[in-house]
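Descriptive structure summary
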Amino acid sequence: MPEGWRFIAQRALPEEILDWDVPLALSSNPRRDLSGPGSMTGTIEPEYARMIGPDGKPVLQEWGTKLYLEIDGHIRWGGVVTKTPYDGPKATIQCEGFSAYPQGIPFESHLVSGALIKPKDPYAGKDKNHDGYIDFVRPKKKVPPPPKPYGGPRIDVYDAFRKIWHHVQSRPYGDIGLKVDGHKLGELLGAKDGSDPWELAWWDNPDCGQALDLLTRTTPFDWIETHAWDGGGNTVSHRLQLGKPRLGRKRSDLRFADAENISAIAKPEGMGDDYANDVVVLGKGEGRKMKRAQVHRYDGRLRRVATVTDKTLSSAKALRLRGSRELAGRTQDLQIPAIQVIDHPNAPFGSWQLGDDIRVQVEVPWVGEVDVWHRIVGDEISADGTCVLTLKRSDSFVY
């Protein structure tokens, strides 16, 4: 393990440091993902007697241990031990970021935004002879039309996101300690007139993790999980940073180029069979009542159509946004899916964050020089002094 690196184990409940230097050998580099939990895998061999904690439980216990990678005093990765398969004296330790925790946990409450409210008609049943007049009133008075239905209170997308996280962490033994940013996105769930409410109800047996993923997908926004020492003690703070509507920025101050700080590139990708310049989105409903939207972009090539089905979508805006995002990802030219970089003055390690747009300048056989802006959607720091950045073309994102 390089100098300045160490793995720190902490009991999940309560948060007590168990081991300041876990003898973990990485088998997959610690990976961070934009709007995803990330992962890390390592091994311990041979068996260490000190891997039993003072409470008599294994230091590395499935869903009972938080594990951090600290580099030069800064926590660069944090997660929860989820699997510990053993093979004789060798233990494999698999970890996922804190944000993987809600997956598989049921939502046991009720949230609704933009519900259709039908006011009670105060004159219902007061015209029993159906002559259009209120019974037994002199002088005669016509029955007024019933009050019109209207849309109920609506919830900001970020508030719904936080409410689901609060539900997860408010249950007994469920507080993983993750603090979610408190600002609002400025977009409300459900239709204003009550025609298409957003609802999360326990009787539908929804999964909290899937509900969070659906919010991120249908109302695009970014989030990043971060961990840091809190003050000068042994306390670690955990934050879920929300983007409005996205995280990161265009990094004209950084340079990523061949023969400078890029040591390797992944095989460039074209769209191939996935190419489409026309997208049809099929949403909620069946038959002729099915919601539908179509978006296209003429780019000088023959028409190719992709069809996307998402039964959670019903509003015209949501359908078109889903189509636009799909179209943006299918009409782009060559992209570099990943680059390996070294620590270099062009872009020192730690100078970028997930979500940043960076200019990638590389030489590609049969194509020549590629100079395209890409967005960082993942990174993996390695013990050999390199870092792999996972990329997507910046023009493939729609917000």
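Structural data are supplied above this passage.
Residues numbered from 1 in each chain as written. Predicted model: local features only at pLDDT ≥ 70, side-chain atom pairs only at ≥ 80, totals over all residues. Heavy atoms only, no water.

**Concerning the pairing of strand 4 (residues 36-44)**
Going by this rule: Strand pairing is defined by DSSP finding a minimum of two bridges between the two strands. Counting from the N terminus, the helices are the DSSP runs of H or I reaching at least four residues and the strands are the DSSP runs of E reaching at least two.
Relative to strand 4, strand 3 (residues 25-33) is paired through five bridges, and the arrangement is antiparallel. Looking at the pairing, A25 lines up with T43 of strand 4. For strand 4 and strand 8 (residues 90-96), the ladder comprises six bridges, and the chain directions are antiparallel. The residue bridging S39 from the neighbouring strand is E96, located in strand 8.

**Examining the sheet that holds strand 14 (residues 223-229)**
Stated formally: Axis definition: a line fitted to C-alpha atoms, over the contacting stretch in the case of helices. Angles run 0 to 180 degrees between N-to-C directions.
Within the open sheet, the three strands sit side by side as 12-15-14. Their pairing is mixed. Of all the strands in the sheet, just strand 12 (178-180) and strand 14 have a single pairing partner and so form its edges. Taken pair by pair, the neighbouring strands of this sheet meet at an average axis angle of 25°, ignoring direction. Sheet topology places strand 14 next to strand 15 (residues 236-242); seven bridges connect them, and they run antiparallel. Looking at the pairing, W223 lines up with L242 of strand 15.

**Some points on the packing of helix 1 (residues 157-170) against helix 2 (residues 208-218)**
Condition: Here is the rule for angles: anything less than 35 degrees is roughly parallel, anything more than 145 is roughly antiparallel, 65 through 115 is roughly perpendicular, and the remaining ranges are oblique. Should the near helix be turned anticlockwise from the far one by less than a right angle, the crossing is termed left-handed; should it be turned clockwise, right-handed. The contact criterion used is simple: two residues touch if any of their non-hydrogen atoms lie within 4.5 Å. Residue polarity follows a fixed list, in which Ala, Val, Leu, Ile, Met, Phe, Trp, Tyr, Cys and Pro are nonpolar, Asp, Glu, Lys and Arg are charged, and the others, Gly among them, are polar.
The N-to-C vectors of helix 1 and helix 2 enclose an angle of 165°; their axes lie 10 Å apart at closest approach. Judged on the interaxial angle alone, helix 2 and helix 1 are roughly antiparallel. Between helix 1 and helix 2 lies a crossing whose hand is left-handed. Together, V157, A160, F161, I164, W165, H167 and V168 of helix 1 and C208, A211, L212, L215 and T216 of helix 2 make up the contact between the two elements. Among the residues forming the contact of helix 1 with helix 2, the class breakdown is ten nonpolar, two polar and no charged.

**Observations concerning the environment of N205**
Looking at where N205 falls in the secondary structure, it is placed in the loop between strand 13 (198-201) and helix 2. Separated by 175 residues in the primary sequence, N205 and P30 have C-alpha atoms spaced 33 Å apart.

**Some details on helix 3 (residues 316-330)**
Using the following cut-off: Each helix should span, by expectation, one fewer than its residue count multiplied by 1.5 Å. Using a 1.4 Å probe on the protein chains alone, a residue whose accessible area is under 20% of its type maximum counts as buried, one over 50% counts as exposed, and one in between counts as partly exposed.
Helix length check: helix 3 (15 residues) gives 21 Å between terminal C-alpha atoms against 21 Å at 1.5 Å per residue, within 8%. Buried residues of helix 3: A318, L319, R322, G323, E326, L327 and A328, and no others. In this structure, the buried residues of helix 3 make contact with strand 18 (278-282), strand 19 (292-296) and strand 20 (305-309).

**Structural notes on the pairing of strand 18**
Burial analysis of strand 18 places four of its five residues in the buried class, the great majority of the element. As paired strands, strand 18 and strand 19 are joined by five bridges and run antiparallel to one another. For V280, the partnering residue across the bridge sits in strand 19 and is Q294. In this sheet, strand 20 lies alongside strand 18 in parallel orientation, the contact comprising five bridges. Looking across to strand 20, one finds that L282 is bridged to T309.

**Quick word on unusual backbone geometry**
Each neighbour pair has its own omega, and for R138 with P139 the value is -10°, a cis peptide bond. That bond from K244 to P245 is cis: its omega, -10°, falls within 30 degrees of zero. By the element assignment, P245 lies in the loop between strand 15 and strand 16 (256-257). One non-glycine residue, D72, lies in positive phi territory at about 50°. Following the sequence through the fold, D72 ends up in the loop between strand 5 (65-71) and strand 6 (74-83). We note that A259 has phi near 65°; this positive angle belongs to a residue other than glycine. Look at A259 and you get exposed, because its relative accessible area is 81%.

**Quick word on the pattern of salt bridges**
Applicable threshold: For salt bridges, the criterion is a side-chain nitrogen of Lys or Arg within 4 Å of an Asp or Glu carboxyl oxygen.
Counted by the stated rule, this structure contains 24 salt bridges. Here K284 makes a salt bridge to D196, at a shortest N to O gap of 3.6 Å. Highlighted residues: K284 in the loop between strand 18 and strand 19 and D196 in the loop between strand 12 and strand 13, separated in sequence by 88 residues. In this structure K284 comes out as partly exposed when scored by relative accessible area, which is 37%. R359 is paired through a salt bridge with D371; the nearest N and O atoms lie 2.6 Å apart. Within this pair, whereas R359 is found in strand 22 (residues 357-364), its partner D371 is found in strand 23 (residues 368-381), the two being separated by twelve residues in sequence. A residue is classified by how much of its surface remains accessible, and R359, at 35% relative accessible area, is partly exposed. D371 gets classed as partly exposed once you look at its relative accessible area, which sits at 33%. Three or more residues joined by partner-sharing salt bridges are found here, namely R31, D33 and E380.

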